[in-house]
Amino acid sequence: MKISFLGLGAIGTPMAVHVAKQHQLTVWNRTRARAEAFAAAHPAAVAATPREAAAGAEVIITCLPKSSDVEGLLDGPDGLLAGMAPGTLFLDCTSGDPDTTRKIGARLAALGVEFVDAPVSGGTNGAEAGTLTVMVGGTEAQFRRALPILECFGRRVEHMGPLGAGHAMKAVNNALLAVNLFAVGEGLTALVKSGISAQKAVEVLNASSGRSFVSEYLVPERVLTRLWPVTFRLALLDKDAGIAADFLAGQEVEGPVLRLTSELLAKAHAALGEDADYLEPIRLCEEQAGVELRG
Ligand code: NDP
């Protein structure tokens, strides 16, 4: 199948690698050098513009920071709309927002293009392994059409509901991750300050009922080792928590915990900058407590 992938960032790149193994792939990236480096290492053609990527593609996949970035690729002489044909399946793997997604979907439906939200979870490790969870929003027929393509990089591909439901699910998931991140940072730094070893605290937590993805995987791998790799930018988690807070408000759910988490993330993002990793709020907990979580 002819597939075009737009957005070769930290997670888009390993996802596109899996697509290239099974399909005739074209890639486009805003910074062209990244697309060229990809095509030098994997079987793929490089498109010069979104329009060129869309021309002749049966399926288009985007993986950009925000829904407004996806919207920004649609128009103009070099935009996706100028190249897309009716019948195209457009899979948006961006962790986007449901409202913008429904707006884009309505525009594309009028042109006979099927727009489906398909955000992913599992991090860059999961993308490399091809074991991502994919949360799909669209009709049942669109889901069935999208499934074999999403299975290139997804192990669990779930239909969540109509267009936008995938993005709502993803935003809530990431907001819960963020809640846990702050809570683990606060709890562990207090324990270490009281004289308990960080290593022992994490081990006991992980054999107890307060354990989580953050405590079981992220803290041992990245914090106790002091490696702090950048795999998912804090700016993106901040965006996700904001989407979740808006989603809760739209459902008339008060959500004080998620609202506070969104505020804390915005502050951490402002303090740590655009390139900080999403685990770095734990550094702020360390600074505030005056201790380090070392293994
Ligand atoms: P990165 O910041 O690593 O990459 C962003 C990509 O989008 C780059 O290819 C960048 O191009 C491109 N881009 C940025 N702005 C624009 C724009 N206005 N127009 C066109 N292209 C643009 O992000 P990730 O790959 O980490 O994340 C992509 C999406 O996946 C996000 O929605 C994120 O929340 C989600 N996600 C990320 C995960 C992760 O572990 N990293 C996990 C799960 C979901 P350029 O090369 O020119 O900068």
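Residues numbered from 1 in each chain as written. Predicted model: local features only at pLDDT ≥ 70, side-chain atom pairs only at ≥ 80, totals over all residues. Heavy atoms only, no water.

Draft legend 1. The site of the ligand, seen in detail. In the vicinity of the ligand, 27 residues are found, and the nearest of them are Ala 10, Asn 29, Thr 31, Arg 34 and Thr 231. A distance of 3.3 Å is found between an oxygen atom of the ligand and a backbone nitrogen or oxygen belonging to Leu 8. The side chain of Thr 31 places a nitrogen or oxygen atom 2.5 Å from an oxygen atom of the ligand. Taking 910 Å² as the accessible area of the ligand by itself, protein coverage stands at 88%. Looking at the shell around the ligand, the elements with two or more residues in it are α7 (123–129) and α12 (234–250). In the shell around the ligand, the residues fall into eleven nonpolar, ten polar and six charged. (Near = heavy atom within 4 Å. Polar contact = N/O pair within 3.5 Å; in protein donor to acceptor, adjacent residues only side chain to side chain. Areas by Shrake-Rupley, 256 points an atom, 1.4 Å probe, with all protein chains shown as cover. Helix = DSSP H or I, 4+ residues; strand = E, 2+ residues; numbered from the N terminus. Nonpolar A, V, L, I, M, F, W, Y, C, P; charged D, E, K, R; others polar.)

Draft legend 2. Layout of helix α10 (residues 198–205). For α10, the set of buried residues is Ala 198, Ala 201 and Val 202. End-on view of α10: buried residues confined to an arc of 95°, all on one side of the axis. The elements touched by buried residues of α10 are α9 (165–193) and α11 (213–223). (Buried < 20%, exposed > 50% of the residue type's maximum accessible area, 1.4 Å probe, protein only. Arc of directions from axis to C-beta. Contact = heavy atoms within 4.5 Å.)

Draft legend 3. Region of interest: the side chain of Asp 117. With respect to the element layout, Asp 117 can be found in strand β6 (residues 114–117). At 7.3 Å, Arg 102 is the nearest oppositely charged side chain to Asp 117, a buried residue that forms no salt bridge. Reaching out from Asp 117, the side chain makes a polar contact with the backbone nitrogen of Gly 164 at a distance of 3.0 Å. Within polar-contact distance, the side chain of Asp 117 engages the backbone nitrogen of His 167 at 2.9 Å. Look past the residues within four positions of Asp 117 in its chain and what remains in contact with it is Asp 92, Thr 101, Met 135, Val 136, Gly 137, Gly 138, Leu 163, Gly 164, Ala 165, Gly 166 and His 167. (Lys, Arg positive; Asp, Glu negative; His and termini not counted. Salt bridge = Lys/Arg side-chain N within 4 Å of Asp/Glu carboxyl O.)

Draft legend 4. Main features of the domain arrangement of the protein. What the domain assignment reports for the protein is domain 1 (2–162) and domain 2 (168–289). At the interface, 14 residues of domain 1 touch eleven residues of domain 2. Together, the buried faces of domain 1 and domain 2 total about 960 Å²; carbon and sulfur atoms form 65% of this surface. Per-residue buried area on domain 1 facing domain 2 is highest for Ser 95, Pro 98 and Met 135; these three make up 37% of the total on that side. Here domain 1 and domain 2 share zero salt bridges between them. Summed over the shared surface of domain 1 and domain 2, the result is three residue pairs in polar contact (both at pLDDT 80 or more). Every element with two or more residues in the side of domain 1 that touches domain 2 is listed here: β7 (120–121) and α7. Here the residues of the side of domain 1 that touches domain 2 sort into seven nonpolar, five polar and two charged. (Domains from an automatic or database assignment. Buried area = accessible area lost by both parts, 1.4 Å probe.)

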